[in-house]
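# Residue-level structure breakdown
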There are 2 protein chains.
Amino acid sequence: MTDFSRTRDLFHLPDGVIYLDGNSLGPLPKTALARATRTMADEWGEMLIGGWNKAQWMAMPGQIGNRIARLIGAEEGSVVIGDTLSIKVYQALASALDLRPDRRIVLSDSGNFPTDLYMAEGLLRTLDKGHELKIVAPEDVASAIDETVAAVMLTHVDYGTGRMHDIAEITRLTHEAGAISIWDLAHSAGAVPVDLAGCGADFATGCTYKYLNGGPGAPAFIYVRPGLQESARPALSGWLGHEAPFAFDLDYRPAGGVERMRVGTPPVIQMAVLDAALNAWGGIDIADVRKRSIELSELFIAEVEAGTDKLALASPRDANARGSQVSFRFHQGYSAMQALIARGIIGDFRAPDRMRFGFCPLYNTPEEIRRAAAALCEIVETDAWNRPEFLKREAVT
Amino acid sequence: MTDFSRTRDLFHLPDGVIYLDGNSLGPLPKTALARATRTMADEWGEMLIGGWNKAQWMAMPGQIGNRIARLIGAEEGSVVIGDTLSIKVYQALASALDLRPDRRIVLSDSGNFPTDLYMAEGLLRTLDKGHELKIVAPEDVASAIDETVAAVMLTHVDYGTGRMHDIAEITRLTHEAGAISIWDLAHSAGAVPVDLAGCGADFATGCTYKYLNGGPGAPAFIYVRPGLQESARPALSGWLGHEAPFAFDLDYRPAGGVERMRVGTPPVIQMAVLDAALNAWGGIDIADVRKRSIELSELFIAEVEAGTDKLALASPRDANARGSQVSFRFHQGYSAMQALIARGIIGDFRAPDRMRFGFCPLYNTPEEIRRAAAALCEIVETDAWNRPEFLKREAVT
């Protein structure tokens, strides 16, 4: 059984803060700074260009990919890190459409994260072959999969509501229709059990700065099913995905395996920080994480609903249909979230009216959840959100 | 007049090392570690998700872009950082071809860095509209520009030989033919004067880990000519290039200006390190850098040629036709470079037979150049390269 009192101590959490936004940006792992220092001072500073070999910078995208693979049920050698999630989505979808040249529908849903849809839109416009991005409601995805569909591109856990798709079932339907499945695991990796290999998923992508705590702008990851790796042709055919990058040939030849999804020079310092962050997962059973996450989120819903009737649950009530987050609708959600943040309780707001709370069992405790729920109820019950400093909207949260 | 004895002290250079590979990876700026520590401990650690606003992480790609703009003669608001150079090349070429839909030739040369050619190859295959990547010898570029050409895509300074194109003249010919010019400034930014605005160049890209000393895997930059910014349609249409990223609309609408070339979440720690590295350029006149660079490279050539006739100059003899690097051909170039590195003199090797040396006036001194030239001559004259430990080729340099 995972000892979550031990894992909390792995992170720096500021005094007086209850952090329920690790689903946007995980907190600083205590060892990350020492690791960045080592990479900068001992490796970059002392080895200079030699760091690519001596400090194994060049191998890190695959090595760290393998560490992430273990958290998402992926095969060894099927995950590589680099770039951003947006780029990885483009790579996955471009390869998928290349594998289904006779089909023209990309199926997604309105709960997908916008950048996934934007990247698809940009790719389809670039291809200019009459593809259609078909966006349906999340509950209508299964029935919309048919033999016109080239790729089913979904985010496993809806960023806004926490609604969770059934990867196994949708992948099964996707394959029955002869289509390719692409899963964005941004809100899944480190949060809920995922069994990519068991589900036969074709491509998956994700970011590492949420539940994996890799730091702001940490590199993304991409998964390619082993059976597809040799036939997936990279649209973003960069030199580090070349069979022999340092031969400096003029023609591109894709590397074997998932390494072909590498593109340019990877961000070594951010990779090192992510590598340090992943140490937190040693000895952790993701099933324990899931169990605790459900306890925390059920507790939060119960305490909020007992304390106020001014908030409407925007997440599935069934814990099994929900990721590791809970959203409530509130007509002044932005201001109420600002009021909550002013008390040191950090969640976030997602347009148009959703107050979003993420639960990270590695460091969130039941006591924090009770206090956060009580503060939230008090704010909405007493109109404490209705103060000038909470009403102004900033550009970014 | 720039005081280069002052600038050398800004960098950590290991004892006993003469570093002539800053054209591959610049050394560690002494303030970089403190800056990374601040970003990680004070910003990520204490502000958590709030860092995107409070520490201005979200604004950094444009702010740092403006700092780079000043080094390449670009207009304020015309440069943004992020991703890798490979990705930025793809973006520039995709936009260029979109702007010239009736043309099918992408003109480049055999001195272009391979990843630029690979990315073009991947894009053209993805477009599948019969485009041709036409690769000519560097000296034949000017005569190959005609009205069939959609885009002329070149690296300003050849990574292998140091041969330098005339941006103004080739851009003029490009525009006369109605084509779009794309310049890769990987070996130019911080090394040679560039006047993008004065030349009317359309797109430019570059990396920041060479002469700009941004660290391994530092983010790349892209320039879009102000007059083109509103018509350049991003193929990689990510959420941070959206007009309103936090509206979470389902449809993509490009942001105004060069910000539309942003894609996904930028690497905050690497951006901070790069920002610290750019402080070295305060008060530096790039004309002084160029003058000193020519002095150093002329000295190197003269000393090497006086000491041996076993090496053949692979770079232009005319300093005005050369960037800030010099290459010599040697039949056992790989092994000779290993022997040199074993003496603490670090250059690099580029297939098939080139020993490459970069000159960075911010920290390289004439005395270093003399010692490096003497050691190189001794190694090739005495066959000191011919030892088992120097003959084995590693995967990466």
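Look above for the structure.
Remember, it's a predicted structure, so these values are computed and weren't measured experimentally.

Residue and element names in this part refer to chain B. Pairing is mixed across the open sheet formed by seven strands, whose spatial order is β4-β10-β9-β8-β7-β5-β6. Since the sheet does not close on itself, it has two edges, and those belong to β4 (79–82) and β6 (132–136), each with one partner. For this sheet, the mean angle separating the axes of adjacent strands, direction not counted, is 20 degrees. Looking at chain direction, strand β9 (residues 203–206) and strand β10 (residues 220–224) are connected through four bridges and run antiparallel. Within the sheet, the bridge partner assigned to T205 lies in β10 and is I222.

This part covers helix α12 (residues 333–342) of chain A. All names here are of chain A. Counting buried residues along α12, eight of its 10 residues qualify, which places the element largely inside the surrounding structure. Looking at α12, one finds that the buried residues are G333, Y334, S335, A336, M337, Q338, A339 and L340. In the core, the buried residues of α12 are packed alongside β12 (325–329), β13 (345–346), β14 (348–350), β15 (354–358), α13 (366–381) and α14 (388–391). Positioned one or two residues after α12, G344 has a phi angle of 85 degrees, which is positive.

Once chain B has been moved 0.0 Å along the axis and rotated by 180 degrees, it coincides with chain A to within an RMSD of 0.0 Å. Both copies of the chain, as the preceding transformation shows, are related through a two-fold rotation axis. The rotation axis passes nearest to the C-alpha of L127 of chain B in chain B, at a distance of 2.6 Å. Mapped onto chain A, 99% of the interface residues of chain B again fall at the interface, so both copies present the same surface.

Residue and element names in this part refer to chain A. For the pair helix α11 (residues 286–307) and α13, the least separation of the axes is 9 Å and the interaxial angle reads 30 degrees. Here α13 runs roughly parallel to α11, going by the angle between their axes. For the crossing formed where α11 meets α13, the hand is right-handed. Where α11 abuts α13, its residues L296, L299, F300, E303, V304 and G307 lie against P366, I369, R370, A373, A374, L376 and C377. Residue classes in the contact of α11 with α13 are distributed as 10 nonpolar, one polar and two charged.

Quick look at the interface of chain B and chain A now. On the chain A side, the residues contacting the 74 residues of chain B number 73 residues. Every element with two or more residues in the side of chain B that touches chain A is listed here: α2 (32–47), α3 (51–54), α5 (85–99), α6 (114–127), α10 (268–278) and β14 (348–350) of chain B. Classifying every residue of the side of chain B that touches chain A by side-chain character gives 45 nonpolar, 21 polar and eight charged.

Take unusual backbone geometry next. Between A351 of chain A and the following residue, P352 of chain A, the backbone shows a cis peptide bond with an omega angle of 0 degrees. Tracing the chain through its elements places P352 of chain A in the loop between β14 and β15. Notably, Q56 of chain B is not glycine yet its phi reads approximately 60 degrees, a positive angle. Relative to the helices and strands, Q56 of chain B resides in the loop between α3 and α4 (60–69). Here D383 of chain B, not a glycine, exhibits a phi torsion of approximately 55 degrees, which is positive. Relative to the elements of secondary structure, D383 of chain B occurs in the loop between α13 (366–381) and α14 (388–391). Judged by the 13 C-beta atoms lying within 10 Å of it, D383 of chain B is partly exposed.

Glancing now at the pairing of strand β5 (residues 105–109) of chain B. Residues and elements named next belong to chain B. In terms of burial, β5 is a largely internal element, four of the five residues being buried. As defined by bridge partners, β5 adjoins β6 across five bridges and the pair is classed as parallel. Looking across to β6, one finds that L107 is bridged to K134. Regarding the hand of the β-α-β motif, the stretch spanning β5, α6 and β6 is right-handed. In this structure, β5 lies alongside strand β7 (residues 149–155), joined through three bridges in parallel fashion. Each bridged residue has a counterpart across the sheet, and for L107 the counterpart in β7 is V152.

Procedures and definitions
- Note that residues are indexed from 1 along each chain, following the sequence as it is written.
- Throughout, the order in which chains and ligands are written sets their labels, letters from A for the former and numbers from 1 for the latter.
- Only residues with pLDDT of at least 70 get local features here, since the model is predicted, and only at 80 or more are side-chain atom pairs given and counted; chain-wide, interface and lining totals rely on the full set of residues.
- Here, strands pair whenever DSSP counts at least two bridges between them.
- Secondary structure elements are defined from DSSP: runs of H or I of at least 4 residues count as helices, runs of E of at least 2 residues count as strands, and each element is numbered from the N terminus.
- Think of each axis as a best-fit line through the C-alpha atoms, taken over the contacting stretch in the case of a helix, with angles from 0 to 180 degrees between the N-to-C directions.
- With C-beta atoms placed from the backbone, the exposure class of a residue follows from how many other C-beta atoms lie within 10 Å of its own: 20 or more, buried; 12 or fewer, exposed; in between, partly exposed.
- Throughout, a pair of residues is in contact if the C-beta atoms placed from their backbones lie within 7 Å.
- To superpose the copies, least squares is applied to the C-alpha atoms of every residue with a pLDDT of at least 70 in both.
- What sets the label is the angle itself: under 35 degrees gives roughly parallel, over 145 gives roughly antiparallel, 65 to 115 gives roughly perpendicular, and the rest give oblique.
- Left-handed is the label given to a crossing in which the near helix is rotated counterclockwise from the far helix by less than a right angle, and right-handed is the label when the rotation is clockwise.
- Residue type decides the class: Asp, Glu, Lys and Arg count as charged, Ala, Val, Leu, Ile, Met, Phe, Trp, Tyr, Cys and Pro as nonpolar, and the leftover types, Gly among them, as polar.
- Think of it like this: strands point away, you trace from the first strand over the helix to the second, and a clockwise trace means the crossover is right-handed.

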